[in-house]
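Fold and geometry: a report
The chain contents come next:
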Amino acid sequence: MSESDDTGDTPRPAATGQAGPRRRTKVGIVGAGAVGATLAFAALMRGVAQTVALFDVNAAKVRAEALDLSHGIQFVPMARVDGSDDIAVLADSDVVVFTAGAKQKPGQSRLDLAETTIGIVRSILPRLVEVAPDAVHVMVTNPVDVVTYAALQVSGLPPERLFGSGTVLDSSRLRFLLAEHTGVAAQSVHAYVVGEHGDSELPLWSSATIGSVPVLEWRSPGGATALDAQTRARIATDVVQSAYRVIEGKGATNYAIGLAATRIIEAVLNDERRILPVSSLLEDYLGISDVCLSVPAIVHAGGVGDRVEVPMTDDELAGLRASAEAVRSTARRFGF
């Protein structure tokens, strides 16, 4: 949105020259639950696309969500909102975000959700590919790494055009906690969480920085090390447990993942080549293959591109490999 306070009452200056037509863009969202509806709202607020389309098997729910969002169109960049229980509503989407899945209950791990969610993916994804054959597909539903791997097998799509939201949200949680601890803006913290989007994920402390200062060298006002091993361990645990605390208190996480997924969509639609820790199929990434896992990768109009081989300590690499095995063993349990 423009930073101007123009409300539309003041005439704008006449345009000079003849602008060409703006490329029409469409975001499709599978699932009109808490995450899907919040994602649609975030996409509209940020002016991501000209059309936002919601698909859900609950006809009354999806139409109500689309109508509610449409009533606020006056207050966001111009767009159209559609909602239907007919998958054709997603036809010709540029990006399709898959949020449908079993709802995570308090105390339940993301991996416990796998069986139900994979069944939903099996039934819907082939039809999605039919109606939106050229779309980039982003899996958000949990457990996202296993679901992304299953979706690649079910859909037959090339790995660059189907990937998961991965640890984009976890990395944001890490940056927030580091910013809170050190008293700087979260936007000045640069740090990644890699591996599974779940209990075996790990922060890459060795490459994390605040401004241009390595996190491990950041000093408190008194000159002491601000992030000693104990503090880092506490923050890492808080990142992993964040979702569980939110779910226990309100039943679902939706705002932060809605914003995170919207940021991924923007990177695709705007061909930004932005480095984001999305979950994608790895092939010989630091010796890790045949598993969907989050590592920093270049996200562009074609989907996920080159994976960035971030320097890691021996312990970090061992942690990443252990995380890969945890995800891989779960995928095997479901026949993948």
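Here's what I pulled together on the structure shown here. (Residues numbered from 1 in each chain as written. Predicted model: local features only at pLDDT ≥ 70, side-chain atom pairs only at ≥ 80, totals over all residues. Heavy atoms only, no water.)

**Re the sheet that holds strand β7 (residues 189–190)**
Strand order across the open sheet formed by 3 strands is β7-β10-β11, with antiparallel pairing between neighbours. Pairing within the sheet leaves two strands with one partner each, and these edge strands are β7 and β11 (213–214). Two elements, β7 and strand β10 (residues 209–210), share 2 bridges in a ladder whose sense is antiparallel. Looking at β10, one finds that Val189 is bridged to Ile210. (Pairing = 2+ DSSP bridges. Helix = DSSP H or I, 4+ residues; strand = E, 2+ residues; numbered from the N terminus.)

**Brief notes about helix α2 (residues 59–70)**
An α-helical segment advances 3.6 residues per turn. Residues three or four places apart therefore align on the same side. The first and last C-alpha atoms of α2 sit 16 Å apart over 12 residues, in line with the 16 Å expected at 1.5 Å per residue. Turning to α2, its buried residues number three or more, namely Ala59, Val62, Glu65, Ala66 and Leu69. In an axial view of α2, the angular spread of the buried residues amounts to 140°, which keeps them on one side of the axis. Residues of α2 that are exposed and angled more than 90 degrees away from the buried face: Ala60 and Asp68. (Expected span 1.5 Å × (residues − 1). Buried < 20%, exposed > 50% of the residue type's maximum accessible area, 1.4 Å probe, protein only. Arc of directions from axis to C-beta.)

**Digging into the pattern of salt bridges**
Pairs can form between side chains of opposite charge whenever their charged atoms are close. Enumeration over the complete set of coordinates arrives at 10 salt bridges. A salt bridge links Arg63 to Asp85; the nearest nitrogen and oxygen atoms lie 3.3 Å apart. Residue Arg63 is located in helix α2, and its partner Asp85 is located in the loop between β3 (80–84) and β4 (95–98); the two are separated by 22 residues in the primary sequence. Arg63 sits in the partly exposed class, given a relative accessible area of 47%. With relative accessibility at 35%, the residue Asp85 sits in the partly exposed group. Residue Glu325 pairs with Arg328 through a salt bridge whose shortest N-O separation is 3.0 Å. (Salt bridge = Lys/Arg side-chain N within 4 Å of Asp/Glu carboxyl O.)

**Structural notes on the packing of aromatic side chains**
Tallying each qualifying case throughout the model produces 0 aromatic pairs. In this structure, Arg175 packs its charged tip against the face of Tyr192, placed 5.4 Å from the ring centre. (Phe/Tyr/Trp six-rings, centres within 6.5 Å; stacked < 30°, edge-to-face > 60°. Lys NZ or Arg CZ within 6 Å of the ring centre and 35° of its normal.)

**Some thoughts on the pairing of β4**
Burial along β4 is two-sided: Val95 and Val97 and Val96 and Phe98, pointing in opposite directions, are all buried. With 4 bridges connecting them, strand β1 (residues 26–30) and β4 associate as parallel partners. Paired with Val27 across the strands is Val95, a residue of β4. In terms of strand pairing, β4 meets strand β5 (residues 136–139) through 4 bridges, oriented parallel. Opposite Val95, over in β5, you have Val136 as the bridge partner.

**Thoughts on the nonpolar core**
Ranked by internal contacts, the top residues of the largest apolar core, which has 48 residues, are Val30, Leu90, Phe98, Leu128, Met139 and Leu320. Every element with two or more residues in this core is listed here: β2 (51–55), β4, α3 (114–131), α4 (144–155), β13 (279–282), β14 (291–294) and α8 (314–333). Ranked by the residues each element gives to this core, the list is headed by α3, at 8 residues. Formed by 39 residues, the second largest nonpolar core is a distinct cluster that contains Leu39, Leu44, Val76 and Val138. (Core = buried A, V, L, I, M, F, W, Y, C linked by side-chain atoms within 4.5 Å.)

**Quick notes on the sheet that holds strand β15 (residues 297–300)**
The 3 strands lie next to each other as β12-β15-β16, forming an open sheet whose pairing is antiparallel. Sheet topology places β12 (274–276) and β16 (303–307) at the edges, where each strand pairs with a single neighbour. Averaged over all pairs of adjacent strands, the angle between their axes in this sheet comes to 40°, without regard to strand direction. When β15 meets β16, the two strands line up antiparallel, connected through 3 bridges. (Axes fitted to C-alpha atoms, helices over the stretch in contact; angles between N-to-C directions.)

**Brief notes about α3**
Over its 18 residues, α3 extends 25 Å from the first C-alpha to the last, a length consistent with the 26 Å expected when each residue adds 1.5 Å. At Ile124, α3 shows its largest kink, close to 35°, and the proline Pro126 lies no more than four residues downstream. Every buried residue of α3 is listed here: Ala114, Thr117, Ile118, Val121, Ile124, Leu125, Leu128, Val129 and Val131. Looking at the buried side of α3, the elements it contacts are β1, β2, β4, β5, α4 and β6 (162–164). (Bend = angle between axes of the 7 residues up to and from the residue. Contact = heavy atoms within 4.5 Å.)

**Re the side chain of Asp238**
Tracing the backbone through its elements, the reader meets Asp238 in helix α6 (residues 229–250). Those residues in contact with Asp238, other than ones at most four positions away along the chain, are Leu177 and Arg245.

**Some words on unusual backbone geometry**
With an omega of -5°, the peptide bond between Asn142 and Pro143 qualifies as cis. Its place among the elements puts Pro143 in the loop between β5 and α4. With a phi close to 50°, Asp271 is a non-glycine residue in the positive phi region.

Read these as layout, nothing more, since geometry by itself doesn't imply function.
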